[in-house]
Amino acid sequence: ERAFYGTLYATFNEAPEPRDRAEVRKETVKKAWLSAARARRVKRIVLRIDEIQEWGVEELAWLKSVVNELDEYNRMPLMTISVGSEEVEKRARSMAAKHRDDLVGRFYSTIVPVHGLCSVDELLAYFTGFDLSEKYDYPPGTGISYTEFFVPEAYWGGFRFATQAQLAWDTL
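As the structure is a computational prediction, the values presented were derived from the model and not from experiment.

Participant: Is there a simple way to think about the overall build of the protein in this case?
Facilitator: Regarding its fold elements, the protein presents nine helices and two strands. Each helix and strand of the protein, placed in order from N terminus to C terminus, yields the pattern α-α-β-α-β-α-α-α-α-α-α. For 172 residues, the compact-globule estimate of 2.2 N^0.38 gives 16 Å, and the C-alpha radius of gyration of the protein, at 16 Å, lies within 12% of that figure. On the principal axes, the C-alpha backbone points of the protein span a range of 45 × 40 × 35 Å.

Below is the structure:
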């Protein structure tokens, strides 16, 4: 667990103190993410996970804990965008077989085969999944899209994640 939180330090270009306990590292990560989000005056954190198929049940459960605490105690939702190899679908099925629907629904809800994101249209298709409650809802069975759930005020004001595809593409 200590090592997992230590890897998250890379998101803010720091190295963990070698002797820090897991809980200290977790709190440091949360504080750094909150500080960065508040400094940028944003209402959500977006975490991109590369090679998610390398993360197992424990790692995703630890990340779920961080996500829940950020939202519950700090009102700062965190959205993950993950990429990985063909193994991603196998990993999702394996977690579902272990009755970890909480993790599958949160981290593997929309699996879109992507071969290096070759165009803005492919990115648009991916982002559109966050906005479509008919196809992908969160929490499961609610009929609420991921976008509406994680950024309700923006969603009600007309924001759709898909509208950000061109900007994201240009930034990549």
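Participant: Would you take a moment to explain the side chain of E148 for this structure?
Facilitator: For E148, the position within the fold is in helix α7 (residues 146-150). A polar contact is formed between the side chain of E148 and the side chain of W156, at a distance of 3.0 Å. Ignoring anything within four residues of it in the chain, the contact list for E148 reads Y155 and W156.

Participant: I would appreciate a short explanation of the packing of aromatic side chains in the present structure.
Facilitator: Pairs of aromatic rings are described using the distance from one ring centre to the other and the angle between the two planes. Counted by the stated rule, this structure contains 16 aromatic pairs. With a centroid separation of 5.6 Å and an interplanar angle of 15 degrees, the aromatic rings of Y138 and F150 are classed as stacked. On the criterion of sequence distance, the pair formed by Y138 in the loop between α6 (120-131) and α7 and F150 in helix α7 is long-range, its members being 12 residues apart. Of the two residues, Y138 and F150, both sit in the buried class. Within the aromatic cluster, the residues linked to one another by ring pairs are Y126, F127, F130, Y138, Y146, F149, F150, F159 and F161. The aromatic ring of F159 is capped on one face by R44, whose charged end is 5.8 Å from the ring centroid.

Participant: In this structure, what is going on with the nonpolar core? I would like to understand it.
Facilitator: Membership of the largest hydrophobic core comes to 30 residues, with the highest contact counts inside it found for W33, L60, L63 and Y108. Those elements that provide at least two residues to this core are α1 (2-8), α2 (22-39), β1 (45-50), α3 (57-74), α4 (87-97) and α5 (101-107). Looking at this core element by element, the count peaks at six residues for α3. Look past the residues within four positions of L63 in its chain and what remains in contact with it is F4, W33, L47, I49, W55, T80 and F107. Grouped together as the second largest cluster of nonpolar side chains are 12 residues, I81, Y126, F130 and Y146 included.

Participant: I would appreciate a short explanation of the confidence of the model for the protein in the present structure.
Facilitator: Low pLDDT marks regions whose predicted coordinates should not be analysed in detail. Summary statistics for the protein give a mean pLDDT of 89 and a share of 99% for residues scoring 70 or more. Mean pLDDT across the elements of the protein bottoms out in strand β2 (residues 78-83) (86) and peaks in helix α8 (residues 152-156) (94).

Here is what the cut-offs are and how they apply
Residues numbered from 1 in each chain as written. Predicted model: local features only at pLDDT ≥ 70, side-chain atom pairs only at ≥ 80, totals over all residues. Heavy atoms only, no water. Helix = DSSP H or I, 4+ residues; strand = E, 2+ residues; numbered from the N terminus. Rg over C-alpha atoms; globule rule 2.2 N^0.38 Å. Polar contact = N/O pair within 3.5 Å; in protein donor to acceptor, adjacent residues only side chain to side chain. Contact = heavy atoms within 4.5 Å. Phe/Tyr/Trp six-rings, centres within 6.5 Å; stacked < 30°, edge-to-face > 60°. Buried < 20%, exposed > 50% of the residue type's maximum accessible area, 1.4 Å probe, protein only. Lys NZ or Arg CZ within 6 Å of the ring centre and 35° of its normal. Core = buried A, V, L, I, M, F, W, Y, C linked by side-chain atoms within 4.5 Å. pLDDT = per-residue confidence, 0-100.

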